[in-house]
Amino acid sequence: MAAESASPLQYQSGFGNEFSSEALPGALPQTQNNPKTCPYGLYAEQLSGTHFTAPRVLNRRSWLYRIRPSHTSVRMEEHLPASSATVRRVDTPCTVTPNQLRWRPFPVPSEPVDWVRGLFTLCGTGKAATKEGFAIHVYTCNQSMDTSALANADGDFLIVPQQGALRLKTELGLLDVAPGEIAVVPRGVRFSVVLRCAAARGYVLETFQGHFTLPDLGPIGACSNGLASPRDFLHPVAWYEDVEGVSYQVLHKLEGHLFTAHQTFSPFNVVAWHGNYVPYKYDLARFCPVNAVAFDHPDPSIFTVLTVPGLVPGSPPTADFVIFPPRWLVAEHTFRPPYYHRNTASEHVGDGALRACSHSFPCPPTSRASSTLSARAPFLLTVCQRSLIFYLPPLPPQTLAFMFETTAIPRITPAALGCPAVDRDYYKCWVGLKSHFS
């Protein structure tokens, strides 16, 4: 058994690369993928993330060489979650609203709750069955998934920790992810979440269609001197558990339903692998912002870290992951807060340490949502304070905020609208705006 080390993990860098890794020398077959007999008596298993005939530039797959295949002879049964308000389908009866919404931080549970059972669906649109749309969740947990693992057959998970560091145990290796970093677990990859502290809280963007990629740079240029650099994305190296005679729960999410089966061995038994369908992490501090240096604000799309392109080239993306990192704001004669606007995008902002935060609201608010073409504006207090500032100093690290952005219209789950964390007085942040016309 390869030990789970407490020392810093090793990674492979790049984005969209062909990677390979082996935890034992010679475990990776050479010259072919599926030999009659694999080294060490391992099983060869392919994991595909796209259809077989997808164009080469889009094709995603990896070959795994494991002690036991992932298939078991045990039937999967539907798993009833501890609360019916945890993971929800977003094509079931949900609510659309033009009103802006805000949720206070979701409390950490008092009873033991792991990452899967701590997921709570806020909103989304589309259907996992037809591979279109997305869902947005939050998570709160205080227990590691020591003897359980999840495979999400619905889509990719982009995980944004807000409180508490995580270790992701995946079939392809280990990832340590702390607040200020993100991780992406592709559709179908089995993983467990191990807490590195007493409790954890954060956000999840789940995309049913396609996979995350880097945005095109356009006139910024192709020198990787702006936004997210491909070399800063880190992928795991092979790591395995050779554990037998245990009761291991394997959870399978399919169309928002959780199914479960028990097996007598660890699912993390991949000794070697190669391919381009791999989980990864990214340190948001490595993002290079591009900003205005004369006047006015660029659109927030200039801060896109990752995007899920639409099916047709040039069509709106399924979703963008955008951040607002520490940076200098030096534009002259410019209204400092985010300007008043209405646009066709729906926005879901998290972490809440934006300078547009209300002084009366406990930071960080878990998230706030604005639907397409609804009016958006900075709070009254923010307008009064920041309109007097000529130059703004760089925003400190704790102000890092992010946004899930899409042109689709999100539907809010009944549980999200009815939970105690909803700020029913959010609209009061704009009370007092008055006419200055003369």
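Residues numbered from 1 in each chain as written. Predicted model: local features only at pLDDT ≥ 70, side-chain atom pairs only at ≥ 80, totals over all residues. Heavy atoms only, no water.

What follows deals with the sheet that holds strand S21 (residues 304–308). Each strand in a sheet pairs with its neighbour through backbone hydrogen bonds, running either in the same direction (parallel) or in the opposite one (antiparallel). With antiparallel pairing, six strands are arranged side by side in an open sheet as S6-S24-S23-S25-S22-S21. The open sheet is flanked by strand S6 (101–103) and S21, the only strands paired with a single partner. Across the sheet, the mean angle separating the axes of adjacent strands is 15° when strand polarity is ignored. Of the strand pairs in this sheet, strand S22 (residues 319–324) and strand S25 (residues 401–406) are connected by five bridges, and their pairing is antiparallel. Each residue of the ladder has a partner; that of Phe-321, found in S25, is Phe-404. (Pairing = 2+ DSSP bridges. Helix = DSSP H or I, 4+ residues; strand = E, 2+ residues; numbered from the N terminus. Axes fitted to C-alpha atoms, helices over the stretch in contact; angles between N-to-C directions.)

The final tally for this structure, using the stated rule, is 15 salt bridges. The shortest N-O distance in the salt bridge between Arg-61 and Glu-18 comes to 3.4 Å. On the criterion of sequence distance, the pair formed by Arg-61 in strand S4 (residues 61–66) and Glu-18 in the loop between strand S1 (11–13) and strand S2 (19–22) is long-range, its members being 43 residues apart. The partner of Arg-75 in a salt bridge is Glu-77, with the nearest N and O atoms 3.8 Å apart. (Salt bridge = Lys/Arg side-chain N within 4 Å of Asp/Glu carboxyl O.)

This brings us to the nonpolar core. Within the largest apolar cluster, 47 residues are counted, with the highest numbers of intra-cluster contacts made by Trp-103, Leu-122, Leu-158, Val-305, Leu-306, Phe-321 and Phe-404. Among the elements that take part in this core, S22 stands out by supplying five residues, more than any other. Membership of the second largest hydrophobic core comes to 32 residues, among which are Ile-159, Val-177, Val-193 and Val-204. (Core = buried A, V, L, I, M, F, W, Y, C linked by side-chain atoms within 4.5 Å. Buried < 20%, exposed > 50% of the residue type's maximum accessible area, 1.4 Å probe, protein only.)

This part covers the side chain of Thr-307. Mapping Thr-307 onto the fold places it in strand S21. A distance of 2.5 Å separates the side chain of Thr-307 from the side chain of Asp-320, its partner in a polar contact. Beyond its immediate chain neighbours, meaning those up to four positions away, Thr-307 contacts His-211, Phe-212, Thr-213, Leu-214, Pro-215, Pro-317, Ala-319 and Asp-320. (Polar contact = N/O pair within 3.5 Å; in protein donor to acceptor, adjacent residues only side chain to side chain. Contact = heavy atoms within 4.5 Å.)

What follows is about the packing of aromatic side chains. Geometrically, a pair of aromatic rings is defined through the distance of the ring centres and the angle of the planes. Enumeration according to the criterion identifies 15 aromatic pairs in this entry. Aromatic pair Tyr-248 and Phe-268: ring centres 6.3 Å apart, planes at 80°, arrangement edge-to-face. Pair noted here: Tyr-248 is in strand S17 (residues 244–254) and Phe-268 is in the loop between strand S18 (257–265) and strand S19 (270–275), with a separation of 20 residues, a long-range link. Its relative accessible area of 4% is what places Tyr-248 among the buried residues. A ring pair is formed by Phe-321 and Phe-404, whose centres lie 6.0 Å apart and whose planes are at 40°; its orientation type is tilted. (Phe/Tyr/Trp six-rings, centres within 6.5 Å; stacked < 30°, edge-to-face > 60°.)

With that settled, the discussion passes to the confidence of the model for the protein chain. Looking at the protein chain, the pLDDT average stands at 86 and 86% of residues meet or exceed 70. Predicted confidence is poor over residues 352–362, with pLDDT under 50, and the contacts of this stretch with residues over four places away or in other chains come to 31 contacts. Here residues 383–391 scores under 50 on pLDDT; set against residues more than four positions off or in separate chains, the count is 18 contacts. (pLDDT = per-residue confidence, 0-100.)

With that out of the way, let us pick up the sheet that holds strand S8 (residues 132–141). Across the sheet, which stays open at both edges, the nine strands sit in the order S1-S16-S20-S13-S10-S15-S8-S7-S26 with antiparallel pairing between neighbours. Two strands lie at the open edges of the sheet, namely S1 and strand S26 (411–412), each paired on one side alone. Of the strand pairs in this sheet, strand S13 (residues 181–185) and strand S20 (residues 280–283) are connected by four bridges, and their pairing is antiparallel. By the bridge assignment, Val-184 is partnered in S20 with Tyr-280.

Glancing now at unusual backbone geometry. Generally, phi is negative for residues other than glycine and the peptide bonds are trans, each holding for most cases. Although it is not a glycine, Leu-227 sits at a positive phi angle of roughly 65°. With respect to the helices and strands, the residue Leu-227 is situated in the loop between strand S15 (200–207) and strand S16 (233–236). Since its relative accessible area comes to 6%, Leu-227 is described here as buried. The phi dihedral of Glu-255 falls on the positive side, at around 50°, and the residue is not glycine. Tracing the sequence through the fold places Glu-255 in the loop between S17 and S18. The class for Glu-255 is partly exposed, based on a relative accessible area of 32%.

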